[in-house]
Protein chains: 2
Amino acid sequence: MTSGARYDGTLEDGMAHQLRRASQAVNASWQLRSGDLTPPQFAVLQILDERGSLDQKTLGALAAVDRSTLTPLLDRLVARGLVTKNTDPDNRRRQLIALTPAGRERTALGREQAQETSRWIEELLGPDRLATLTLLLRELGDAGREQ
Amino acid sequence: MTSGARYDGTLEDGMAHQLRRASQAVNASWQLRSGDLTPPQFAVLQILDERGSLDQKTLGALAAVDRSTLTPLLDRLVARGLVTKNTDPDNRRRQLIALTPAGRERTALGREQAQETSRWIEELLGPDRLATLTLLLRELGDAGREQ
DNA sequence: TATTGTTATACTCTATAACTATA
DNA sequence: TATAGTTATAGAGTATAACAATA
């Protein structure tokens, strides 16, 4: 395989492919521990846990999930008893999404599972480089919103 | 693309979510330019262009695509006239995959399109931090193989 | 008219398991 | 028996467009 970090047009340096490979590694570690929650599902649960009840538009924006993807995603979480969906009486177009007690428990467990994955990465890269990676990924993600 | 509420960094600990958000940004940039090739499709074309004809097992390993995913992926590329599939006469269990002339052209174009995305990222992060990100992602991706 | 969310539709990725053909 | 690839199947993410209900 190639070495050297500068972009030179070869496959190993294609950002989309690298992100995909890194995601495969992290998702495998996460799924090994979480079992039954996908990353966007867990993101939704975590946001609800941190912020309380939210309408779908806000929730989707925070979790980076399209509204047409969010509907079936929430349907699955509702079916599993992790969240509830109720019409907002103040604006009947809105659906207010909230965690159930079971959802709160599952989120707490998920947080521990996420930290195990985080620890695995920290062992691999070291704490400073993990912090750097986190920062760079967030900048990239934020830039996507303005694109 | 989602819009509205802004990401405020509350999900710092979730690497899977960060990778997903960064991928959304990069994939959006890539897809804007490439139009009709997904990242794994382009990875396959690029590998074939660099290494010549390959059997599916080798190709799938290099592109990080499962064999059951690779079959329909290749079917689509064959249908579009970008690659060919031929039984290896020396081992008739194997299928040798090769680029067509049209596939070579599309790959060359894709390389230019990938560089445009790369330039966008470099403008965002600067060359040194892009190099760092590339290095960290490759380490993560490599670790996934051994997991 | 604009907004919120749902539904229909379509495509692709992802993976497990069973199967075929070949070695 | 083992290997390479296909097929069946299932589940989820992704997004566009049309739509209903509400504001």
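A short tour of the structure in this document, coming up. The structure presented is a predicted model; accordingly, all values stated were derived computationally and were not measured. (Residues numbered from 1 in each chain as written. Chains lettered and ligands numbered in written order. Predicted model: local features only at pLDDT ≥ 70, side-chain atom pairs only at ≥ 80, totals over all residues. Heavy atoms only, no water.)

Another aspect to go through is the protein's contact with DNA strand D. The environment of DNA strand D is made up of 24 residues, and the closest members are R76 and R92 of chain A together with Q56, K57 and T71 of chain B. In the interface set of DNA strand D, defined as its atoms within 4 Å of the protein, sugar plus phosphate atoms amount to 66%. S68 of chain A is positioned such that a nitrogen or oxygen atom in its side chain is 3.0 Å from a base nitrogen of DNA strand D. Within the side chain of Q56 of chain B, an N or O atom sits 2.8 Å from a phosphate oxygen of DNA strand D. Of all the elements, helix α4 (residues 67–79) of chain A adds the most residues to the surface near DNA strand D, at 5 residues. Classifying every residue of the surface near DNA strand D gives 2 nonpolar, 10 polar and 12 charged. (Near = heavy atom within 4 Å. Polar contact = N/O pair within 3.5 Å; in protein donor to acceptor, adjacent residues only side chain to side chain. Helix = DSSP H or I, 4+ residues; strand = E, 2+ residues; numbered from the N terminus. Nonpolar A, V, L, I, M, F, W, Y, C, P; charged D, E, K, R; others polar.)

Before going further, it helps to spend a moment on the protein's contact with DNA strand C. For DNA strand C, the set of nearby residues contains 24 residues, the closest of which are K57 and T71 of chain A together with T38, R76 and R92 of chain B. The share of sugar and phosphate among atoms of DNA strand C within 4 Å of the protein is 68%. Taking Q56 of chain A, its side chain carries an N or O atom lying 2.8 Å from a phosphate oxygen of DNA strand C. T38 of chain B places a side-chain nitrogen or oxygen 2.7 Å from a phosphate oxygen of DNA strand C. Elements represented by at least two residues in the surface near DNA strand C include exactly α1 (15–34), α3 (56–63) and α4 of chain A together with α2 (39–51) and α4 (67–79) of chain B. The leading source of residues in the surface near DNA strand C is α4 of chain B, at 5 residues. In the surface near DNA strand C, the residues fall into 2 nonpolar, 10 polar and 12 charged.

Take L137 of chain B: it is sitting in helix α6 (residues 127–146). According to the relative accessible area criterion, L137 of chain B is buried, its value standing at 1%. In sequence terms L137 of chain B and L19 of chain B are 118 residues apart; their C-alpha atoms lie 9.8 Å from each other. In contact with L137 of chain B, other than residues within four places in its own chain, are M15, Q18, L19, A22 and L133 of chain A together with L19 of chain B. (Buried < 20%, exposed > 50% of the residue type's maximum accessible area, 1.4 Å probe, protein only. Contact = heavy atoms within 4.5 Å.)

Here we take up the nonpolar core. One recurring pattern in soluble globular proteins: nonpolar side chains tend to sit buried together. With 30 residues, the main nonpolar core has L133 of chain A together with L133 of chain B as its most contacted residues. Where this core is concerned, the elements lending two or more residues are α1, α5 (101–125) and α6 (127–146) of chain A together with α1 (15–34), α5 (101–125) and α6 of chain B. Ignoring any residue separated from it by four or fewer positions in sequence, one finds L133 of chain B in contact with M15, L133, L136, L137 and L140 of chain A together with L125 of chain B. (Core = buried A, V, L, I, M, F, W, Y, C linked by side-chain atoms within 4.5 Å.)

Further remarks concern the pattern of salt bridges. What the rule picks out here adds up to 16 salt bridges over all chains. In this structure, R33 of chain A and E116 of chain A form a salt bridge, with 3.2 Å as the shortest nitrogen-oxygen distance. One end of the pair, R33 of chain A, is in helix α1; the other, E116 of chain A, is in helix α5, and 83 residues separate them in sequence. One salt bridge in this structure joins R111 of chain B and D49 of chain B, with 2.8 Å as the shortest N-O distance. One end of the pair, R111 of chain B, is in helix α5; the other, D49 of chain B, is in helix α2, and 62 residues separate them in sequence. A relative accessible area of 30% places D49 of chain B in the partly exposed class. Within the structure, one salt-bridge network assembled from shared partners comprises D36, R80 and R106 of chain A. (Salt bridge = Lys/Arg side-chain N within 4 Å of Asp/Glu carboxyl O.)

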